[in-house]
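Chain and residue survey
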Amino acid sequence: MLEKTANYILEVVAPIFNRQGYIGTSLSDLTQATQLTKGALYGNFKNKEELALKALELNTRRVLKPLNEQVNRVENHLDKMYAVVHYYRTYYERMQEIGGCPFLNVSIDAKHNNPELFHRVKSLEGRKQQALARILKEGIRREEINGAIDAEVFAKNMYSLIVGAYFMSFVQEDDSYLNTALDQLEYDLLPQLRM
């Protein structure tokens, strides 16, 4: 029963933390949304910080699961890189539905207010970039990707281009920034990976 209640709480509060941030989300927001008392919330979670961390984990799974599924559908590692680009083609619309990108939202909100939450999202972002580098390295090893490229540098540039373009699309409320960056990746940069 306790686990069921904790899951219910997370399902309800994860979108609130994503939209309003850690600082912008009050305890009354959480009790009102869940229709539970403060005691019921803190009977399942130590404090607001633990609840925010668990909400970030849930939001992360919701964002990364479809990306991982799309990438894992293909065998060739060059195709996996294209699958990443295709995933981000609908990212702006999907993130609008949930109140924005949880990684971007948390990193901005928590940078000076919640070091643990900030370091968690910083670690997640680093792991996402490293996942790209691993795909590239494995593709080079299998001779599916041009071995002349530096996998770490390419992954860093690719990820920076995507995140920066998403940030501009979000701030300007215009998905053309992201689409233009993805076009550059798909038609100019990824072809450089071919053998």
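Residues numbered from 1 in each chain as written. Predicted model: local features only at pLDDT ≥ 70, side-chain atom pairs only at ≥ 80, totals over all residues. Heavy atoms only, no water.

**Some remarks on the side chain of Thr60**
Structurally, Thr60 is set in helix H4 (residues 48–72). Exposure remark for Thr60: the relative accessible area of 7% places this residue in the buried category. Contact partners of Thr60, with chain neighbours within four places excluded, come to Phe103 and Leu124. (Helix = DSSP H or I, 4+ residues; strand = E, 2+ residues; numbered from the N terminus. Buried < 20%, exposed > 50% of the residue type's maximum accessible area, 1.4 Å probe, protein only. Contact = heavy atoms within 4.5 Å.)

**A look at the pattern of salt bridges**
Applying the stated criterion across every chain yields a total of 10 salt bridges. With a closest N to O distance of 2.3 Å, Glu11 and Arg62 form a salt bridge. With a gap of 51 residues between them, Glu11 in helix H1 (residues 2–24) and Arg62 in helix H4 connect regions that are remote in the sequence. Since its relative accessible area comes to 44%, Glu11 is described here as partly exposed. For Arg62, a relative accessible area of 36% corresponds to the partly exposed category. Asp183 is the partner of Arg89 in a salt bridge, and the nearest nitrogen-oxygen pair spans 2.9 Å. Taken together, the residues span a long stretch of sequence, with Arg89 in the loop between helix H5 (77–88) and helix H6 (91–97) and Asp183 in helix H10 (residues 176–189) at a distance of 94 residues. (Salt bridge = Lys/Arg side-chain N within 4 Å of Asp/Glu carboxyl O.)

**Quick look at unusual backbone geometry**
Phi at Gln35 is positive, roughly 60°, even though this residue is not glycine. Following the sequence through the fold, Gln35 ends up in the loop between helix H2 (27–34) and helix H3 (38–44).

**Topic: a nonpolar patch on the surface**
On the surface, Ile108, Phe167, Met168, Val171 and Tyr177 cluster together into a nonpolar patch covering about 430 Å² of accessible area. It is helix H9 (residues 151–172) that contributes the most residues to the nonpolar patch, 3 residues altogether. Assignment of secondary structure puts Val171 in helix H9. Taking the relative accessible area as the measure of exposure, Val171 reaches 45% and is therefore partly exposed. (Patch = residues over 30% accessible without salt bridge, like charges linked within 9 Å, V, L, I, M, F, W, Y side chains within 5 Å. Areas by Shrake-Rupley, 256 points an atom, 1.4 Å probe, with all protein chains shown as cover.)

**Regarding the packing of aromatic side chains**
The full count for this structure, using the stated rule, is 6 aromatic pairs. Clustering of aromatic rings is evident, with ring pairs tying together Tyr87, Tyr88, Tyr91, Tyr92, Tyr166 and Phe170. Above the face of the Phe103 ring, Lys128 is positioned so that its terminal group lies 3.4 Å from the ring centre. (Phe/Tyr/Trp six-rings, centres within 6.5 Å; stacked < 30°, edge-to-face > 60°. Lys NZ or Arg CZ within 6 Å of the ring centre and 35° of its normal.)

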